[in-house]
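Architecture and fold: a report
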Number of protein chains: 2
Amino acid sequence: MLTVPAGIVFDLDGTLVDTTYLHALAWWQALELSGYVVPMARLHRAVGMGADRLLPHVLGDGRDPRHDEDMVNAHDVIFATWHDRVEELPGACHLVGLCHRMGLTTALASSSAGRDLEAMLRVLDHPDFDVVVTIDDVRDSKPSQDLVAVALSRMGLEPSEILVVGDSVWDVKAAQAVGARSVGLECGGTSRCELDEAGATWVLANPDELCRELTRAVSSRRDSQSADSA
Amino acid sequence: MLTVPAGIVFDLDGTLVDTTYLHALAWWQALELSGYVVPMARLHRAVGMGADRLLPHVLGDGRDPRHDEDMVNAHDVIFATWHDRVEELPGACHLVGLCHRMGLTTALASSSAGRDLEAMLRVLDHPDFDVVVTIDDVRDSKPSQDLVAVALSRMGLEPSEILVVGDSVWDVKAAQAVGARSVGLECGGTSRCELDEAGATWVLANPDELCRELTRAVSSRRDSQSADSA
C-alpha cells in the first residue's frame with residue numbers, strides 16, 4: 001500500500017491534463033511537414049521526453065538535424081491550436097488541493113514551458129504548486145533526472161521523502177535516477193504493464209485513484225498512531 | 001515460433017493503416033459535441049469495437065441513447081476529414097502481397113465500412129483480399145466473433161487453419177471466440193503485455209515483423225520437409 005510522502009512531484013501532460021494524444025498528433029503532423037512519417041503509436045510513447053531527446057529517439061541519429069528547429073516549432077504551433085480543447089484528467093484539480101490540505105509539499109516538473117504551461121495551468125484552474133520546474137530550468141530533459149532533481153532540491157526534501165507522479169516511462173525512469181518512489185498513472189495511455197516494467201513503485205488508473213489511495217494511507221497512518229499511543 | 005497458416009484474417013484500422021489515434025481523436029471530439037468528456041486513453045483502447053459496442057463501453061448504460069446516432073455521425077464526419085492524411089503502417093502492403101505469393105487465403109474483417117473502408121484501401125493501394133467482411137455483413141461487431149466467423153466461412157477454412165491479425169484486444173478476443181490463433185500487433189498503440197494478457201498467440205511490432213516471421217516459418221517448413229524426404 002502507498003505510504004504518505006512529505007512531498008509530491010507532479011508531471012503535467014498525460015498526468016493532470018489529457019494531452020498526450022494531442023502531443024502525439026502534433027508531433028506526427030510536425031514531422032510530416034519535414035518529410036518524416038512516423039507511426040503515431042511510436043510518437044505517443046515518446047511524449048514526456050523533452051523535444052531535444054524525442055527527435056533523436058523517434059527519427060534516429062540518421063535524421064537531418066537542420067530540420068529539428070522547424071519540427072519543434074511546428075509541433076508547438078499545432079499543439080497551441082488545441083489549448084482551448086484540453087480537459088483535466090479525472091480528479092487532477094482535487095488531487096493537488098488534497099495534497100495541500102494534507103500538508104504535503106507539491107512540485108510541478110514538466111518538459112513543457114511558456115504558453116503551453118500557462119494554458120495547461122489555466123485548464124487546471126491555476127493550481128498552487130510550492131515549486132514549479134520547467135524545461136527552461138534544466139540542462140537536460142526527461143528521462144534525465146534533472147527536472148526531478150531540481151524540484152527535489154527546491155522542495156528541500158530527500159529522495160526517500162517524495163513521490164514522483166507521472167504517466168510515462170520517462171517519469172518513472174527520472175524518479176529512479178534520483179532514487180525516489182514513483183506512481184505511474186495509466187491515464188496518458190501508457191499501460192499498467194509498461195509502467196510496471198519501467199519500475200514504477202505503484203501503478204494507478206488516474207489522479208482520482210491517487211486521491212483515494214492517499215486518503216486511505218493517511219487514515220491508516222492515523223490508525224497506527226492512535227494504536228501506538230493507546 | 002509462428003507456423004504457416006492456410007489463411008489470414010486481417011483487421012484494418014491500427015493493423016494495416018495508422019488510424020487508431022485518429023479514431024480516438026474523432027470519438028473524443030464527437031462525444032464532446034454531445035456533452036460527454038471521456039479521457040482519450042480510454043477511447044483509444046475502445047477503438048476496434050464497432051460503434052454499437054464502443055458507446056456503451058465508454059459511456060456506460062447511464063448515457064442518453066438518443067445521442068448515439070449524433071455521436072456516430074460526428075465521429076464519421078470528423079474521421080473523414082483525416083482520410084487524405086492516413087499512412088500505411090510499416091510493411092502493410094508488402095505483407096498482403098507476401099501472403100498472396102505464399103498461396104495463403106486472405107480476408108479483411110473490419111468494423112469499418114463505406115467511405116472509410118474505401119479510403120483506407122486506397123491508402124494501401126487497393127490490396128487484393130480474397131474475402132472482405134465489413135460491419136454491414138454481420139449482426140454484431142467485435143469483440144463478438146461475428147466478423148471473423150463470417151470471414152472464416154467465406155474462406156472455406158477451419159479455425160485451426162487460420163491466423164487472425166489485429167492490433168486491439170477485441171481482435172484477439174474475436175479470434176479466441178472462434179478458436180483461432182491470433183497475432184497481436186503493437187502498432188495500433190496497445191502494448192505487448194495488454195495483447196499478451198488478452199490471449200494473443202503471438203505479439204509482434206508491426207506488419208513488417210510479421211513478414212519476417214512468415215518468411216522464416218516458410219523456410220523452416222521447407223527445411224523440415226527436405227529433411228523428411230532425405
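This text goes with the structure placed above it.
Residues numbered from 1 in each chain as written. Chains lettered and ligands numbered in written order. Predicted model: local features only at pLDDT ≥ 70, side-chain atom pairs only at ≥ 80, totals over all residues. Heavy atoms only, no water.

Quick look at the pattern of salt bridges now. Within this structure, the stated rule accounts for 16 salt bridges over all chains. Here R85 of chain B makes a salt bridge to E32 of chain A, at a shortest N to O gap of 2.9 Å. Pair noted here: R85 of chain B is in the loop between α4 (68-80) and α5 (92-101) and E32 of chain A is in helix α1 (residues 20-33), and the two residues belong to different chains. Using a relative accessible area of 28% as the deciding quantity, one classes R85 of chain B as partly exposed. Overall, the relative accessible area of 23% leaves E32 of chain A in the partly exposed class. (Salt bridge = Lys/Arg side-chain N within 4 Å of Asp/Glu carboxyl O. Helix = DSSP H or I, 4+ residues; strand = E, 2+ residues; numbered from the N terminus. Buried < 20%, exposed > 50% of the residue type's maximum accessible area, 1.4 Å probe, protein only.)

What follows is about the relation of the copies chain B and chain A. Of the two same-sequence chains, chain B is brought onto chain A (RMSD 0.0 Å, axial shift 0.0 Å) by a rotation of 180°. Here the symmetry operator amounts to a two-fold rotation axis. Residue C193 of chain B, judged by its C-alpha, is the member of chain B lying nearest the rotation axis, at 3.1 Å. The overlap is high: 96% of the interface residues of chain B also sit at the interface in chain A, so the same surface is used on both sides. (Least-squares fit on C-alpha atoms with pLDDT ≥ 70 in both. Contact = heavy atoms within 4.5 Å.)

Attention shifts here to the interface of chain B and chain A. With 27 residues of chain B at the contact, the number on the chain A side is 26 residues. Summed over both sides, the interface of chain B with chain A buries roughly 2200 Å², with 63% coming from carbon and sulfur. Of all residues in chain B, the largest losses of buried area upon contact with chain A belong to Y21, W28 and R85 of chain B, amounting jointly to 26% of the total for that side. Where chain B meets chain A, there are two salt bridges. At the junction of chain B and chain A, the tally comes to nine residue pairs in polar contact (both at pLDDT 80 or more). Looking at the side of chain B that touches chain A, the elements that each hand over two or more residues are α1 (20-33), α2 (40-46) and α9 (192-198) of chain B. Considering each element in turn, the side of chain B that touches chain A owes the most residues, six residues, to α1 of chain B. Along the lines of polarity and charge, the residues of the side of chain B that touches chain A split into 14 nonpolar, six polar and seven charged. (Buried area = accessible area lost by both parts, 1.4 Å probe. Polar contact = N/O pair within 3.5 Å; in protein donor to acceptor, adjacent residues only side chain to side chain. Nonpolar A, V, L, I, M, F, W, Y, C, P; charged D, E, K, R; others polar.)

Here we come to the sheet that holds strand β4 (residues 162-166) of chain B. Residue and element names in this part refer to chain B. An order of β3-β2-β1-β4-β5-β6 is seen for the six strands of this open sheet, with the pairing classed as parallel. Looking at which strands have only one partner, the edges of the open sheet turn out to be β3 (131-134) and β6 (202-204). In this sheet, adjacent strand axes meet at a mean angle of 20° when their direction is disregarded. The sheet contact formed by strand β2 (residues 105-110) and β3 spans four bridges and is parallel. In the sheet register, A109 faces β3, and the bridge partner there is V133. (Pairing = 2+ DSSP bridges. Axes fitted to C-alpha atoms, helices over the stretch in contact; angles between N-to-C directions.)

Moving on, we get to the sheet that holds strand β1 (residues 7-10) of chain A. All names here are of chain A. With parallel pairing, the six strands of this open sheet are ordered in space as β3-β2-β1-β4-β5-β6. Here the strands that pair on one side only, and so sit at the sheet edges, are β3 (131-134) and β6 (202-204). For this sheet, the mean inter-axis angle between neighbouring strands, taken without regard to orientation, is 20°. Sheet topology note: the β1/strand β2 (residues 105-110) ladder contains four bridges and is parallel. Residue pairing for β2: I8 is matched across the bridge by T106. Relative to β1, helix α5 (residues 92-101) is tilted by about 155°, and along the sheet it contacts β1 and β2.

All names here are of chain A. Regarding helix α3 (residues 51-59), the residues found buried are L54, L55, V58 and L59. The buried residues of α3 occupy one face: seen down the axis, they fall within an arc of 95°. In this structure, the buried side of α3 is in contact with α1, α2 (40-46) and α4 (68-80). Count one or two residues on from α3 and you reach G60, which has phi positive near 80°. (Arc of directions from axis to C-beta.)

This part covers the state of the cysteines. With the rule as written, the count across this model stands at one disulfide over all chains. Covalent S-S linkage joins C193 of chain A and C193 of chain B, the inter-sulfur distance amounting to 2.2 Å. Judged by the sign of its S-S torsion, about 90°, the bond between C193 of chain A and C193 of chain B is right-handed. Here C193 of chain B lies in helix α9 and C193 of chain A lies in helix α9 (residues 192-198), a pairing that spans two chains. Among the cysteines around C93 of chain A, which has no disulfide bond, C211 of chain A carries the closest sulfur, lying 10 Å off. Here C93 of chain A falls in the partly exposed class, since its relative accessible area comes to 29%. (Disulfide = S-S within 2.5 Å.)

What follows is about unusual backbone geometry. The residue H126 of chain A is not glycine, and still its phi comes out positive at about 50°. Note on H126 of chain A: relative accessible area 54%, which makes it exposed.

Residue and element names in this part refer to chain A. If you trace the backbone, H23 turns up in helix α1. We classify H23 as buried; its relative accessible area is 6%. If near-sequence neighbours (up to four positions away) are discounted, H23 is found in contact with D13, V47, H75, F79 and D116.

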